[in-house]
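Summary of the model geometry
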Amino acid sequence: MQPFSILVFLGLATVTREYQDELKLKESLPVAFFLAGLIVLGRMQSWWLGPAISRLEAFPLFLGATTLTAVTDNAAITYLGSQLSNISNEFKYAPPMPPLPVSGSRGAASGEGSL
């Protein structure tokens, strides 16, 4: 199905060439190779990634993910995270810190404290 989809895309891009900018296939090829390598090699990383992540608490995991996001592609982090099968849903979606306590009903919603 994928080769057919690419051929349809290239055919439509050729037919409607006058209405759009030039395709930049050379620039997008490294991205395609990166994502293909991520899929091929990503499954092999779960043997060490699962035990390493399962040992972390929520806040250190949050700090690690934030740091990795600054230097690594988010697609790589998301794909590697999706390979982990022994992680609970509470751990996947847990907030990094407990919610702040709400005191009383006074605040911006009641109009008090506004300038």
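Since the model is a prediction, treat every value here as computed from it, not as a measurement. (Residues numbered from 1 in each chain as written. Predicted model: local features only at pLDDT ≥ 70, side-chain atom pairs only at ≥ 80, totals over all residues. Heavy atoms only, no water.)

From N to C terminus, the protein chain includes six helices and zero strands. Along the protein chain, helices (α) and strands (β) appear in the sequence α-α-α-α-α-α when read from the amino end. Looking at the protein chain residue by residue over its 115 residues, the buried ones come to 10%. Counting every atom, the protein chain has about 9,900 Å² of accessible surface; 67% of that belongs to carbon and sulfur. (Helix = DSSP H or I, 4+ residues; strand = E, 2+ residues; numbered from the N terminus. Buried < 20%, exposed > 50% of the residue type's maximum accessible area, 1.4 Å probe, protein only. Areas by Shrake-Rupley, 256 points an atom, 1.4 Å probe, with all protein chains shown as cover.)

With respect to the secondary-structure elements, Gln83 resides in the loop between helix 5 (74-82) and helix 6 (89-93). Judged by relative accessible area, which is 19%, Gln83 ranks as buried.

Another point: a nonpolar patch on the surface. Residues Phe4, Val8 and Leu12 make up a contiguous nonpolar surface patch of about 290 Å² in total accessible area. Here Phe4 is to be found in helix 1 (residues 2-15). (Patch = residues over 30% accessible without salt bridge, like charges linked within 9 Å, V, L, I, M, F, W, Y side chains within 5 Å. Salt bridge = Lys/Arg side-chain N within 4 Å of Asp/Glu carboxyl O.)

A word on the confidence of the model for the protein chain. When pLDDT is low, close inspection of the predicted coordinates is not appropriate. For the protein chain, per-residue confidence averages 78 on the pLDDT scale, and residues scoring 70 or more make up 77% of the total. Mean pLDDT across the secondary structure elements of the protein chain bottoms out at helix 6, with 67, and peaks at helix 2 (residues 25-42), with 88. (pLDDT = per-residue confidence, 0-100.)

Contact geometry for helix 2 and helix 5: axes closest at 11 Å, N-to-C directions at 20°. Considering their axes alone, helix 2 and helix 5 lie roughly parallel with respect to each other. Viewed along their axes, helix 2 and helix 5 form a crossing whose handedness is right-handed. For the pair formed by helix 2 and helix 5, the contact residues are Phe34, Leu35, Leu38, Ile39 and Gly42 on the first element and Ala75, Ala76, Tyr79 and Leu80 on the second. Looking at the contact of helix 2 with helix 5 residue by residue, the class counts come to eight nonpolar, one polar and no charged. (Axes fitted to C-alpha atoms, helices over the stretch in contact; angles between N-to-C directions. Parallel < 35°, antiparallel > 145°, perpendicular 65-115°, else oblique. Left-handed = near helix turned anticlockwise from the far one by under 90°. Contact = heavy atoms within 4.5 Å. Nonpolar A, V, L, I, M, F, W, Y, C, P; charged D, E, K, R; others polar.)

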